[in-house]
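If you want the building blocks of each chain, they are given just below.
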Amino acid sequence: MGKMDFSVDEGRTPVSEKEKKLVNSWKKKITSAEKRHEDFWKLAKAATEIYEAEKKTQHAFNVLYANTETISPYLYSASPTIFCRPRNTESGNPLALAASTVIQKALTFLIDPNTPAIPSFDDAILYDVLSALVPGRGVSWVRYDAVVSGGEGAEPEVTEGQEVEESEGSPEAEEVSYETTYLESVPFDRFLCGYAESWNKVPWIGRIYFMNRAELEEHFGDAAKEIPLDYTEGAGGNTIEGKAAAPKDSEGETFAKVYQIWDKTTRKVYMLTLSADRMLKTVDDPLELEGFFPIAEPLCFMRKLTTIVPTPLYEQYRAQAEELNRISVRINKLVGALKVRGFYDDQMQGIDHVLTADDNTFIPAANIAALQTGGIDRALWLVPIERIIPVLQQLYIQREQTKQIIYEIMGISDVLRGAVRASESATATNTKAESGSRRLQKMQGYTAQYVCRLLRIMSEIVASRFSIETLQQMTELQFPRAAQKQQAVAAIQQAQQQAQLAQALGQQPPAPLPPELMQMAQMPSWEEITQFMQQDPARNFTIDLETDSTIATDKQAEQEQVTETLNSLAQFGNAVTPLLQTGLLQPESAKAIMLSLSKKLRLGREVDEALQAQPAPQPEQAKEDPAVAAKAAAAQQKAESDKQIADIKMQTEVMKAEALQQTLALKQQVEEMKARHEIESQQRDAEKQQWQQKMEQISQMLAQQHTQAMNESQLEQQALGGSDAAV
């Protein structure tokens with residue numbers, strides 16, 4: 001049997017030289033990137049094994065697990081509170097405000113869709129935080145999935161994180177019945193990127209997949225036959241240390257290693273393997289994102305100056321952790337050596353039973369003479385343990401010192417670990433808390449920025465790809481459709497025309513339109529909103545999170561903060577009211593101070609926006625004199641009485657005018673009837689004259705015809721008379 005040629009496969013077109021050159025170029029780039037990531041993957045794998053307690057005997061004190069579980073709840077422990085607003089808030093564009101509201105509500109729905117089939121947003125962020133704390137880098141892939149009516153495809157759909165599936169038929173003829181966007185976490189050894197000095201200069205990113213034969217055929221069809229399954233778990237396959245490992249707990253399965261490359265330069269997505277010369281699939285810019293990459297900058301808590309390839313945080317205190325393990329192992333061994341052991345005189349009968357008897361047990365003595373002579377002390381020789389105890393005490397001291405060094409490296413204060421002494425003063429406790437929070441605030445800032453960037457990518461997908469029906473279901477906002485708005489505008493215009501005509505004729509105006517119709521005409525339509533959203537969402541909108549909304553707060557601290565906030569607001573109100581009354585403080589200045597106070601107290605974005613929309617408080621007017629107030633009331637009553645009299649007179653004049661107008665109208669109608677009667681009479685006379693003239697003409701014609709007939713008769717008689725004479 002000859003060697004199989006994979007270049008042509010059952011009717012498949014041969015691989016062109018251009019495609020081979022492209023594939024070879026990417027193979028070199030991928031190999032170079034894996035070489036750059038090799039050391040990181042080794043260290044990350046070792047740190048992960050320590051955290052997951054896969055080598056318990058080598059790590060008697062798992063300080064990595066302790067530190068990670070202490071820090072992680074302070075970085076992300078609750079779903080974020082999202083705020084989306086137009087970048088140009090001063091313009092007051094209602095279309096921009098409506099579009100930002102749609103995006104905000106859609107993102108709020110997407111982070112908690114309550115759908116078991118979709119990965120949770122919180123689970124993805126927690127996984128990324130854990131990956132950043134242990135291996136050193138957290139990455140989540142933003143996915144967009146859509147189901148076309150009939151369930152036969154997606155437009156577009158990133159299936160298994162690989163490529164955008166091409167849907168059959170034209171997009172215009174298809175109807176998307178369901179669509180969503182969500183996060184998919186990527187393991188630390190399944191991600192790589194091209195060389196760059198900073199993240200914004202990264203030319204390409206890659207994601208590694210391990211697929212079995214069925215998955216290959218599902219995604220690549222006939223091209224799957226060219227791909228060998230050469231990766232297995234363990235030493236039997238190609239998963240060596242420092243390389244991306246095959247799926248864990250997949251013993252007995254074989255896989256192919258497939259690379260998905262997102263190239264920012266060409267804005268294309270490539271699918272290839274190192275064992276084939278053909279590009280498995282190429283897709284042009286599937287999501288059309290401004291930054292092209294479907295990921296945010298990876299979450300890393302240890303920023304580096306020389307490279308973007310991360311290093312696990314564990315490497316910062318690996319030496320101290322290994323020392324801590326050695327001390328703990330020695331302590332365990334010495335504790336095991338602290339046992340009561342020794343020899344006894346076998347001539348003293350029953351002493352072995354005494355040594356093994358339970359508490360409060362008495363055994364009869366068999367050799368009283370021996371006991372009276374030397375006693376039981378001289379019959380026992382114990383192994384000395386007095387020298388072990390000082391060593392053990394010193395090891396405990398050394399272990400605490402080593403732990404303290406690790407905590408100083410990581411910035412974990414005693415307060416965060418819950419190790420505060422009762423004898424410490426409140427000042428010392430607060431100092432420790434502030435010292436630890438400063439280090440944590442930096443990591444909290446990295447986490448918040450990471451979440452914001454992911455939400456911005458999701459917002460781009462929502463703005464550019466989600467249909468109106470999907471947005472209506474997610475947001476439940478009552479904006480009209482374009483046809484409904486046009487109907488409302490047409491109804492309002494017709495009502496206005498009818499009102500103008502009624503006013504010109506002096507008739508009663510039509511009934512007023514319902515306020516819902518007026519409101520619908522003033523609101524932007526869904527078509528206008530989606531068109532505005534698709535223009536440039538990255539520049540038109542800004543997405544932010546409420547301060548500390550992703551961090552679980554202490555109940556007692558939260559109650560204290562609420563109490564302090566209420567006290568501060570009360571003090572502000574008591575202080576500013578007299579100043580407003582006396583005019584020493586203008587209302588606009590009071591509003592500005594209140595806004596500044598709201599930001600200092602971190603009352604939230606909603607409170608700030610409500611204060612900005614609220615009109616400035618008006619200064620309280622001074623109390624009036626009762627006599628002046630009585631005169632003013634009397635004058636007001638007289639003015640109201642005069643107004644009523646004037647209204648009655650006006651109504652009388654209006655009635656007179658209407659009666660006069662009706663009389664004139666009747667007169668005009670009578671005159672018009674007379675004129676029509678005269679015209680009709682004249683028309684009848686004219687018709688009578690015309691009839692008489694016609695009768696006269698007919699009589700004249702008959703007379704002429706009679707005369708002519710008589711003349712012709714006479715001529716005939718004369719002619720006959722002449723002929724007779726001749727005969």
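Small disclaimer: the values here were computed from a predicted structure and weren't measured.

Draft legend 1. The arrangement of the overall build of the protein in detail. Helix and strand counts for the protein come out as 20 helices and 13 strands. The proportion of buried residues among the 727 residues of the protein is 33%. In the protein, of all internal contacts separated by at least 6 residues, the share reaching a separation of at least 24 is 73%. Counting every atom, the protein has about 45500 Å² of accessible surface; 52% of that belongs to carbon and sulfur.

Draft legend 2. Expanded view of the pattern of salt bridges. Applying the stated rule across the entire model yields 17 salt bridges. Glu226 serves as the salt-bridge partner of Arg278, at 3.3 Å between the closest nitrogen and oxygen. In this pair, Arg278 sits in the loop between β9 (268-272) and β10 (281-284) while Glu226 sits in the loop between α5 (213-220) and β8 (256-263), placing the two residues 52 residues apart along the sequence. The burial state of Arg278 is the same as that of Glu226; both residues are buried. The shortest N-O distance in the salt bridge between Arg267 and Asp285 comes to 3.0 Å. Residue Arg267 is found in the loop between β8 and β9, and its partner Asp285 is found in the loop between β10 and α6 (318-337); the two are separated by 18 residues along the sequence.

Draft legend 3. Spotlight on a nonpolar patch on the surface. Nonpolar side chains collect at one region of the surface, where Trp691, Met695, Ile698 and Leu702 lie side by side and expose about 430 Å² of accessible area between them. Along the chain, the position of Ile698 falls in helix α20 (residues 626-726).

Draft legend 4. View of the side chain of Asp128. Here Asp128 shows up in helix α4 (residues 121-133). For Asp128, the side chain forms a polar contact with the side chain of Tyr450, separated by 2.8 Å. Residues in contact with Asp128, not counting those within four places in the same chain, are Gly138, Val139, Ser140, Ser185, Leu299 and Tyr450.

Draft legend 5. The packing of helix α3 (residues 94-110) against helix α12 (residues 468-475), seen in detail. Relative orientation of the contacting elements α3 and α12 amounts to 70 degrees, with a least axis distance of 9 Å. With respect to α12, the element α3 is oriented roughly perpendicular. Contact residues: α3 offers Val102, Lys105, Ala106, Phe109 and Leu110, while α12 offers Leu471, Met474 and Thr475.

Draft legend 6. Quick peek at empty space enclosed by the protein. Applying the stated rule across the entire model yields 4 cavities of 30 Å³ or more. Roughly 40 Å³ of volume is contained in the largest cavity. Forming the boundary of the largest cavity are Glu297, Pro298, Leu299, Cys300, Arg303, Tyr446, Gln449, Tyr450 and Arg453. A class-by-class count of the residues in the lining of the largest cavity yields 5 nonpolar, 1 polar and 3 charged. The calculated volume of the second largest cavity comes to roughly 40 Å³. Taken together, Arg36, Gly194, Tyr195, Ala196, Thr307, Ile308 and Val309 make up the lining of the second largest cavity. Of the residues contributing to the lining of the second largest cavity, the split by class is 4 nonpolar, 2 polar and 1 charged.

Draft legend 7. Just the pairing of β8, in detail. With 8 of its 8 residues buried, β8 lies for the most part within the structure. Burial of β8 is two-sided: the residues Ala256, Val258, Gln260 and Trp262 facing one way and the residues Lys257, Tyr259, Ile261 and Asp263 facing the other way are all buried. Pairing of strand β7 (residues 204-211) with β8, which is carried by 8 bridges, proceeds in the antiparallel orientation. If you follow Ile205 over to β8, its bridge partner there is Trp262. With 5 bridges connecting them, β8 and β9 associate as antiparallel partners. Paired with Gln260 across the two strands is Met271, which belongs to β9. The turn linking β8 back onto β9 is made up of 4 residues, and Arg267 within it adopts a positive phi angle of 55 degrees.

Draft legend 8. Layout of the packing of helix α13 (residues 482-505) against helix α14 (residues 515-522). Relative orientation of the contacting elements α13 and α14 amounts to 120 degrees, with a least axis distance of 8 Å. Classified by the interaxial angle, the pair formed by α13 and α14 is oblique. Crossing angle aside, the handedness with which α13 passes α14 is left-handed. In this structure, α13 contributes Gln484, Lys485, Ala488, Val489, Ala491 and Ile492 to the contact, and α14 contributes Leu517, Met518, Met520 and Ala521.

Draft legend 9. Summary view of the nonpolar core. Of all hydrophobic cores here, the largest spans 83 residues; its most connected members are Phe121, Ile125, Leu133, Phe191, Ile205 and Phe301. With 12 residues, helix α11 (residues 426-465) is the largest single contributor of residues to this core. When sequence neighbours within four positions are dropped, the list of residues in contact with Phe191 reads His37, Trp41, Arg137, Val139, Trp141, Val186, Trp199, Ile205, Gly206, Ile295 and Pro298. Residues Phe188, Trp204, Phe210 and Tyr231 belong to the second largest nonpolar core, which totals 20 residues.

Draft legend 10. Summary view of the packing of aromatic side chains. Counted under the stated rule, the structure contains 12 aromatic pairs. When the centroid spacing of 6.4 Å and the interplanar angle of 80 degrees are considered together, the rings of Phe40 and Phe188 count as edge-to-face. Residue Phe40 is located in helix α1 (residues 17-51), and its partner Phe188 is located in the loop between β5 (176-186) and β6 (191-193); the two are separated by 148 residues in the primary sequence. Residue classification places Phe40 among the buried positions, given a relative accessible area of 2%. With relative accessibility at 15%, the residue Phe188 sits in the buried group. Measuring from ring centre to ring centre gives 6.3 Å for Trp199 and Phe293, while their planes differ by 55 degrees; the resulting arrangement is tilted. Here Phe293 lies in the loop between β10 and α6 and Trp199 lies in the loop between β6 and β7, a separation of 94 residues in the sequence. Pair check on accessibility: Trp199 and Phe293 agree, each one buried. Counting every residue linked through ring pairs, the aromatic cluster contains Trp141, Trp199, Trp262, Phe292 and Phe293. Over the face of the ring belonging to Trp26 we find Lys29, whose NZ or CZ atom lies 4.3 Å from the ring centre. Note that Arg207 overlies the ring of Trp141, its terminal NZ or CZ placed 5.2 Å from the centroid.

Draft legend 11. Inspection of unusual backbone geometry at higher detail. Not every positive phi belongs to a glycine, and Glu288 is a case in point at roughly 55 degrees. If you check the backbone angles, Phe292 has positive phi at about 70 degrees while not being a glycine. Considering the arrangement of structural elements, one finds Phe292 in the loop between β10 and α6.

What counts as what
Residues numbered from 1 in each chain as written. Predicted model: local features only at pLDDT ≥ 70, side-chain atom pairs only at ≥ 80, totals over all residues. Heavy atoms only, no water. Helix = DSSP H or I, 4+ residues; strand = E, 2+ residues; numbered from the N terminus. Buried < 20%, exposed > 50% of the residue type's maximum accessible area, 1.4 Å probe, protein only. Contact = heavy atoms within 4.5 Å. Areas by Shrake-Rupley, 256 points an atom, 1.4 Å probe, with all protein chains shown as cover. Salt bridge = Lys/Arg side-chain N within 4 Å of Asp/Glu carboxyl O. Patch = residues over 30% accessible without salt bridge, like charges linked within 9 Å, V, L, I, M, F, W, Y side chains within 5 Å. Polar contact = N/O pair within 3.5 Å; in protein donor to acceptor, adjacent residues only side chain to side chain. Axes fitted to C-alpha atoms, helices over the stretch in contact; angles between N-to-C directions. Parallel < 35°, antiparallel > 145°, perpendicular 65-115°, else oblique. 1 Å grid on protein atoms, 1.4 Å probe; cavity = no way out; pocket = protein on both sides within 12 Å on 5 of 7 lines; lining within 4 Å. Points joined across faces, edges and corners; volume = space filled by probe spheres on them. Nonpolar A, V, L, I, M, F, W, Y, C, P; charged D, E, K, R; others polar. Pairing = 2+ DSSP bridges. Left-handed = near helix turned anticlockwise from the far one by under 90°. Core = buried A, V, L, I, M, F, W, Y, C linked by side-chain atoms within 4.5 Å. Phe/Tyr/Trp six-rings, centres within 6.5 Å; stacked < 30°, edge-to-face > 60°. Lys NZ or Arg CZ within 6 Å of the ring centre and 35° of its normal.

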